[in-house]
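Analysis of the macromolecular model
As a plain string of letters, each chain reads:
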Amino acid sequence: MLAEIKGLNEECGIFGVWGHPDAAQLTYYGLHSLQHRGQEGTGIVVSDGKTLKGVKGEGLVAEIFTTEAMAELTGSAAIGHVRYATAGGGGYENVQPLLFHSQSGSLALAHNGNLVNANSLKHQLETQGSIFQTSSDTEVLAHLIRRSGYPHLNDRVKNALSMLKGAYAYLIMTETELMVALDPHGLRPLSLGLLGDAYVVASETCAFDVVGAEYIREIMPGELLIINENGLTSERFAVSTTKAICMMEYVYFSRPDSNIHGINVHTARKNLGKRLALEAPIDADVVTGVPDSSISAAIGYAEEAGIPYEMGLIKNRYVGRTFIQPSQSLREQGVKMKLSAVRGVVEGKRVVMVDDSIVRGTTSRRIVSLLKEAGATEVHVVISSPPIKNPCFYGIDTSTKEELIASDKSVEDIRQLIGADSLTFLTVDGMMHALGQEGTNGYCLGCFTGNYPTEIYPDTLQYYYQK
Ligand code: SF4
């Protein structure tokens, strides 16, 4: 589905390299492959062993990193970031990596995720005299590291990380070290790879394929990797960890060519579609998927149901960022600009339209109507995940609870609102079964079930329920 018009947005993607003469160029390519995780801002910071230098801006990777900008970025280590602004809002100052200079040295930070206790920590830090340069919750970590009393940086970082709650995959770089940290629940994906003798780290494994790196392993929940001239060491900053990877990474966010915890995302989506065909058998002529993220599930549905898969919807790939607009009317306009129904495929046909999720419902309504205007006699909407009834506090902008159509409406109400002939969502059990899991252990399903893996702080709740 189309993130920017659907109202379901990933916050960020991160990429890092240690020990390669072309660190900035590799980071550029890595970020390019992670562009789907955020399109509002991007940055790269490099280290030449003595200083940290950065380039960042609001825009796409290909727009910000011009030949001139890349020429500035020399060094054998780099971290980079692509951002979709949720908590903290947009603006140049919030584009990451954040870079801090002090008498004791420099520090660059790149963060994917969202802290649930950022506001209370920020309040405490400000009371103690910290002055924040940004409204991003990422800066909280920099202040905690600086204020920690431990003499060694590693211990200061571990001490600071142990105070954070929520979802975080961090890249932390000084002139002489790259540190990689993942929250105690491992909510966001983060993997380690090797390119020759150089270490690479990325939000998604698709970035390794692009730069030619070999996948080594995932970063463990509560783990801090320290990479420097002595090689790589692994330490723990949290003793109590419970894995809870975000289910939406499989359903919607990650690229189909990425693997998360050994499961290929395309295969996972195809299995979700197959399971849906078992749970929602429909007498129809063709199956179509909403491009791009629902195609894999649609192929799976068609294969299991024995109904031909056809390209009934086409995405216009040349609509630019102009259409990434926050207002409802512009979002609906965005659907018209970005998708077309293929009359030759759907005219006179009973169509099963597979989508990965329904957030506000407006996009689904528009797509159903596109298919009917193109001559589909029936449109049956099948969704390869359960209804999203609750907001996400961990870096996915699902908007407020009030804006989520499934938060207070029945499936039949939603069916009527989107104008479909039938509407079926995958069950939670079916979703876990499709991923080869017996229960829900190891996954976050908060937006579906309301059961979140961490404590949610009152100020965070207020933000998500009233913003
Ligand atoms: S609440 Fe939903 S979107 Fe957020 S981390 Fe959990 S599964 Fe992912």
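What this report covers is the structure whose coordinates are included nearby. All figures in this text were calculated on a predicted structure; none of them were measured in a lab.

Remarks on the packing of aromatic side chains
Here a ring pair, both rings aromatic, is described through the centre-centre distance and the interplanar angle of the planes. In total, this model carries eight aromatic pairs according to the counting rule given. Between Tyr250 and Tyr443 the ring centres are 6.1 Å apart and the planes differ by 50 degrees, which places this aromatic pair in the tilted class. On the criterion of sequence distance, the pair formed by Tyr250 in helix α9 (residues 247-253) and Tyr443 in strand β25 (residues 442-444) is long-range, its members being 193 residues apart. In this structure an aromatic cluster arises from ring pairing among Tyr28, Tyr29 and Phe65. When the ring centre of Tyr92 is taken as reference, the NZ or CZ atom of Lys56 above it lies at 5.0 Å.

Topic: the sheet that holds strand β24 (residues 422-425)
Spatially, β18-β21-β22-β24 is the arrangement adopted by the four strands of the open sheet, whose pairing is parallel. Single-partner strands in this sheet number two, and they are β18 (286-289) and β24. Strand after strand, the sheet turns through a mean of 20 degrees between neighbouring axes, direction not considered. Bridge count for strand β21 (residues 350-355) against strand β22 (residues 378-383) is six bridges, and the pairing is parallel. Note on β22: the bridge partner recorded for Val352 is His380. Sheet contacts for helix α11 (residues 295-305): β18, β21 and β22; angle to β18, the most-contacted strand, approximately 160 degrees.

Here's the deal with the site of the ligand
Neighbouring the ligand are Leu187, Arg188, Cys246, Met247, Met248, Cys392, Tyr394, Ile396, Cys444, Gly446 and Cys447. Of the pockets mapped on this structure, the ligand occupies the largest cavity. When residues of the shell around the ligand are traced back to their parent elements, those giving at least two are α9 and α17 (446-449). A class-by-class count of the residues in the shell around the ligand yields nine nonpolar, one polar and one charged.

Here's the deal with the pattern of salt bridges
With the rule as written, the count across this model stands at 17 salt bridges. A salt bridge links Lys315 to Asp292, with the nearest nitrogen and oxygen atoms 2.9 Å apart. In this pair, Lys315 sits in strand β19 (residues 313-315) while Asp292 sits in the loop between β18 and α11, placing the two residues 23 residues apart along the sequence. Residue Lys315 is classed as partly exposed on the basis of its relative accessible area, which comes to 24%. Given a relative accessible area of 35%, Asp292 falls into the partly exposed group. Between Arg343 and Glu347 there is a salt bridge, with the nearest N and O atoms lying 3.4 Å from each other. The exposure class of Arg343 is partly exposed, given its relative accessible area of 43%. Salt bridges sharing partners connect three or more residues here, namely Arg37, Arg188, Glu204 and Glu249.

With respect to empty space enclosed by the protein
Over the atoms rolls a probe the size of a water molecule, and its path tells where empty space is left. Considering all chains together, one arrives at five cavities of 30 Å³ or more under this definition. Lining the largest cavity are 15 residues; nearest its centre among them are Cys246, Met248, Cys392, Cys444 and Cys447. Elements supplying a minimum of two residues to the lining of the largest cavity: α9 and α17. It is α17 that provides the largest number of residues to the lining of the largest cavity, a total of three residues. Looking at the lining of the largest cavity residue by residue, the class counts come to twelve nonpolar, two polar and one charged.

Side note on the sheet that holds strand β3 (residues 41-47)
Here seven strands make up an open sheet; going across it, the order is β4-β3-β5-β2-β11-β10-β12 and the pairing antiparallel. Single-partner strands in this sheet number two, and they are β4 (52-57) and β12 (214-218). When the angles between neighbouring strand axes are averaged without regard to direction, this sheet yields 15 degrees. Here six bridges tie β3 to β4, and the two strands are oriented antiparallel to one another. Bridge pairing in β4 places Gly43 opposite Lys56. Against the sheet, helix α2 (residues 23-33) contacts β2 (12-18), β3, β5 (77-83) and β10 (191-195), and its axis sits at roughly 25 degrees relative to β5.

A few points about the nonpolar core
Ranked by size, the top nonpolar core spans 50 residues in total, and within it Met247, Met248, Tyr250, Tyr301 and Tyr394 carry the most contacts. Elements with a contribution of two residues or more to this core: β15 (244-246), α9, α10 (265-279), α11, β21, α16 (428-434), β25 and α17. The biggest single contributor to this core is α9, with six residues. Discounting residues that sit within four places of it in the chain, Tyr394 has contacts with Gly113, Asn114, Val116, Gly166, Ala167, Leu187, Arg188, Cys444, Tyr452, Pro453, Thr454 and Ile456.

Quick notes on unusual backbone geometry
Note the cis peptide between Gln96 and Pro97, where omega equals 0 degrees. Structurally, Pro97 is set in the loop between β5 and β6 (98-102). Of the consecutive residues Pro291 and Asp292, the connecting peptide bond is found in the cis state with omega at -5 degrees. Of note in the backbone geometry, His261 takes a positive phi value of approximately 50 degrees without being a glycine. For His261, the location among the structural elements is in the loop between β16 (259-260) and β17 (263-264).

Rules behind the numbers
Residues numbered from 1 in each chain as written. Predicted model: local features only at pLDDT ≥ 70, side-chain atom pairs only at ≥ 80, totals over all residues. Heavy atoms only, no water. Phe/Tyr/Trp six-rings, centres within 6.5 Å; stacked < 30°, edge-to-face > 60°. Helix = DSSP H or I, 4+ residues; strand = E, 2+ residues; numbered from the N terminus. Lys NZ or Arg CZ within 6 Å of the ring centre and 35° of its normal. Pairing = 2+ DSSP bridges. Axes fitted to C-alpha atoms, helices over the stretch in contact; angles between N-to-C directions. Contact = heavy atoms within 4.5 Å. Near = heavy atom within 4 Å. 1 Å grid on protein atoms, 1.4 Å probe; cavity = no way out; pocket = protein on both sides within 12 Å on 5 of 7 lines; lining within 4 Å. Sits in = over half its atoms within 2 Å of the grid points. Nonpolar A, V, L, I, M, F, W, Y, C, P; charged D, E, K, R; others polar. Salt bridge = Lys/Arg side-chain N within 4 Å of Asp/Glu carboxyl O. Buried < 20%, exposed > 50% of the residue type's maximum accessible area, 1.4 Å probe, protein only. Points joined across faces, edges and corners; volume = space filled by probe spheres on them. Core = buried A, V, L, I, M, F, W, Y, C linked by side-chain atoms within 4.5 Å.

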